[in-house]
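# Structure assessment
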Amino acid sequence: MKAILTTAIGGFLVLGLAGAANAATPQMEKCFGVAKAGMNDCSSNKSSHSCAGQATKNSDSNDFVALPKGTCNKIANGSLVADAMMKKAM
Amino acid sequence: MTEYTDELNRFMRAIVQGTDVSPQIDTIYQNYSLDIAIEIYRNNYRGNLHDALTGAYPVILQLVGDEFFRYLTRSYIGQYPSVSANLYHYGEQMSVFLQEFPPAQALPYLPDVAVLEWTCQIAYFATDEPNFALDKLALIPAEQHPNLILHTACHVLRSNYPLTAIWQAHQPGADIQINLASGGSIALVSRLANIVQVSELSEADACWLQRIQVRDTLGLATEATLALHPDFNLQATLLALLKQGVLTGFHLESTS
């Protein structure tokens, strides 16, 4: 065991110190209130809801059919419903 | 004072749960009725939380589409009020919620995606860890290597679905070529500088890393892993983890 560790750590040190491995982790200063990409706050409210636009009771009801319509449709074998329907069709 | 607190609580319920406001509440805006003003307040509250969830769950948003995501967040927000002043703390229960949200039942992998995305959120906001000090490791005599305890900054998640592939397929510029029947996945979440990465771990690497995470010594962890996975390559694993920013430091177990 000791030999395995010594060899592995030896190689790790040589390659690690020589390679750009550690250099790939620049120390970056994080500012307070750092925002995730695309999450800069001031503008994000406008895109998803305008106060006037949604200020009705109507927006409370979910009167549309609740079906996912995103990339999940592209995942093969990704939906239980689709599977069940396929089995019925067969 | 109690009356004031009662009023505030009643107002909170009006915003969060949609109950009636107190007759003592009034609006200073002449152009809006009280009902409209409360609706605006309520929609701002929901809109901010919706945006917080959009930021935390970008892959789920893509998976289900805008309309369904809005429907989903509307239900989530009704069920889980915000309890922190920091919006980045909002959304932790999404996985639990999705397990029980009837319209999402057709997508059984969604709760696991939520766990992964929340883990990425935690990793993103985690305190910076130091770079691994290779030069200090070089000073450790070889006979001490088995007693090394490595420090790590990462999360390991196991899923019955190809979780890593699903996440990677929804990063900018990636193609979606996933077959859910392709089986399970072990996802490694790490952060390099300010970029959170998700990569696939082999069974052997996961076995070793999970022992290292619970502070097994390098000797014990490696021995146990080799017993189960004879092809485990310690040097390659160490280098890969160093590059991913997973290794942050080490100390020696005090031997008696």
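Residues numbered from 1 in each chain as written. Chains lettered and ligands numbered in written order. Predicted model: local features only at pLDDT ≥ 70, side-chain atom pairs only at ≥ 80, totals over all residues. Heavy atoms only, no water.

### Side note on the side chain of S95(B)
- By secondary structure assignment, the location of S95(B) is in helix 5 (residues 94-100).
- Not counting the four nearest positions on each side in its chain, S95(B) is found in contact with P111(B), A114(B) and V115(B). (Helix = DSSP H or I, 4+ residues; strand = E, 2+ residues; numbered from the N terminus. Contact = heavy atoms within 4.5 Å.)

### Side note on unusual backbone geometry
All names here are of chain B.
- Phi at A193 takes a positive value of approximately 50°, unusual for a residue other than glycine.
- Assignment of secondary structure puts A193 in the loop between strand 3 (185-192) and strand 4 (195-200).
- Even without being glycine, R215 reaches a positive phi, approximately 70°.
- When you line up the elements, R215 lands in the loop between helix 9 (203-213) and helix 10 (218-228).
- The exposure class of R215 is partly exposed, given its relative accessible area of 43%. (Buried < 20%, exposed > 50% of the residue type's maximum accessible area, 1.4 Å probe, protein only.)

### Notes on the pattern of salt bridges
- One pass over the full model with this rule turns up five salt bridges over all chains.
- One salt bridge in this structure joins E67(B) and K69(A), with 3.6 Å as the shortest N-O distance. Taken together, the positions of E67(B) in helix 4 (residues 66-79) and K69(A) in the loop between helix 2 (41-48) and helix 3 (80-89) put the pair across two chains.
- You can call E67(B) partly exposed: its relative accessible area is 43%.
- Since its relative accessible area comes to 57%, K69(A) is described here as exposed. (Salt bridge = Lys/Arg side-chain N within 4 Å of Asp/Glu carboxyl O.)

### So, the packing of helix 9 of chain B against helix 11 (residues 234-243) of chain B
Residues and elements named next belong to chain B.
- Where helix 9 contacts helix 11, the axes come no closer than 11 Å and their chain directions differ by 70°. When the interaxial angle is binned, helix 9 and helix 11 end up roughly perpendicular. Side by side, helix 9 and helix 11 meet where D205, W208 and L209 of the first sit next to L234, T237, L238 and L241 of the second.
- Split into classes, the residues belonging to the contact of helix 9 with helix 11 amount to five nonpolar, one polar and one charged. (Axes fitted to C-alpha atoms, helices over the stretch in contact; angles between N-to-C directions. Parallel < 35°, antiparallel > 145°, perpendicular 65-115°, else oblique. Nonpolar A, V, L, I, M, F, W, Y, C, P; charged D, E, K, R; others polar.)

### Digging into the environment of E200(B)
Residues and elements named next belong to chain B.
- Here E200 lies in strand 4.
- Spatially, the C-alpha atoms of E200 and L163 are 8.9 Å apart, while their sequence positions differ by 37 residues.
- When sequence neighbours within four positions are dropped, the list of residues in contact with E200 reads T164, S185 and I186.
- Within the local environment of E200, its side chain forms a polar contact with the backbone nitrogen of I186, the two atoms lying 3.0 Å apart. (Polar contact = N/O pair within 3.5 Å; in protein donor to acceptor, adjacent residues only side chain to side chain.)

### Some points on the packing of helix 1 (residues 2-18) of chain A against helix 10 of chain B
- The contact between helix 1 of chain A and helix 10 of chain B brings their axes to 11 Å, and the two run at 105°. One element, helix 1 of chain A, and the other, helix 10 of chain B, form an angle in the roughly perpendicular class. Judged by residue contacts, I4(A), L5(A) and I9(A) of helix 1 of chain A engage L218(B), G219(B), T222(B) and L226(B) from helix 10 of chain B.
- Grouping the amino acids of the contact of helix 1 of chain A with helix 10 of chain B by side-chain chemistry returns five nonpolar, two polar and no charged.

### Quick notes on the sheet that holds strand 4 of chain B
Residue and element names in this part refer to chain B.
- Strand order across the open sheet formed by three strands is 2-3-4, with antiparallel pairing between neighbours. Edge positions in the sheet fall to strand 2 (155-159) and strand 4, since each has one partner strand and no second. On average, each strand axis in the sheet is tilted by 25° relative to the strand beside it, whichever way the strands run.
- Looking at chain direction, strand 3 and strand 4 are connected through six bridges and run antiparallel. Bridge assignment links L192 to a residue of strand 4, and that residue is I195. (Pairing = 2+ DSSP bridges.)

### A closer look at the pairing of strand 3 of chain B
All names here are of chain B.
- Of all eight residues that make up strand 3, eight are buried, and the element is covered over most of its length.
- Here strand 3 shows a buried face lined by S185, A187, V189 and R191 and a second buried face lined by I186, L188, S190 and L192.
- Both strand 2 and strand 3 contribute to a ladder of five bridges, which runs antiparallel. Bridge pairing in strand 3 links V156 to L188.
- What sits between the antiparallel neighbours strand 3 and strand 4 is a turn of two residues, in which A193 has the positive phi angle 50°.

### With respect to the side chain of T164(B)
Residue and element names in this part refer to chain B.
- Take T164: it is sitting in helix 8 (residues 163-169).
- T164 gets classed as buried once you look at its relative accessible area, which sits at 2%.
- Excluding residues that lie within four positions of it along the chain, T164 makes contacts with S185, I186, A187, V198, S199 and E200.

### Focus: a nonpolar patch on the surface
Residue and element names in this part refer to chain B.
- Among the surface-exposed residues, I28, Y29, Y32 and I36 lie close enough to one another that they form a single nonpolar patch of about 460 Å² accessible area.
- As for its placement among the helices and strands, Y29 is situated in the loop between helix 1 (2-16) and helix 2 (34-56).
- Since its relative accessible area comes to 52%, Y29 is described here as exposed. (Patch = residues over 30% accessible without salt bridge, like charges linked within 9 Å, V, L, I, M, F, W, Y side chains within 5 Å. Areas by Shrake-Rupley, 256 points an atom, 1.4 Å probe, with all protein chains shown as cover.)

### A short note on the packing of aromatic side chains
Residues and elements named next belong to chain B.
- This structure, assessed with the given rule, holds 16 aromatic pairs over all chains.
- With 6.1 Å between their ring centres and 70° between their planes, F68 and Y71 make a pair best called edge-to-face. Of this pair, F68 and Y71 both sit in helix 4, three residues apart, roughly one helical turn.
- Residue classification places F68 among the buried residues on the basis of a relative accessible area of 1%.
- Considering the side-chain rings of Y76 and Y90, the 5.6 Å spacing of their centres and the 80° angle between planes classify their relative orientation as edge-to-face. Of the two residues, Y76 is situated in helix 4 and Y90 in the loop between helix 4 and helix 5; the sequence distance between them amounts to 14 residues.
- Taken together through their ring pairs, the aromatic side chains of F68, Y71, Y76, Y80, Y90, F97 and F101 make up a single cluster. (Phe/Tyr/Trp six-rings, centres within 6.5 Å; stacked < 30°, edge-to-face > 60°.)

Read these as spatial facts, not as claims about activity.
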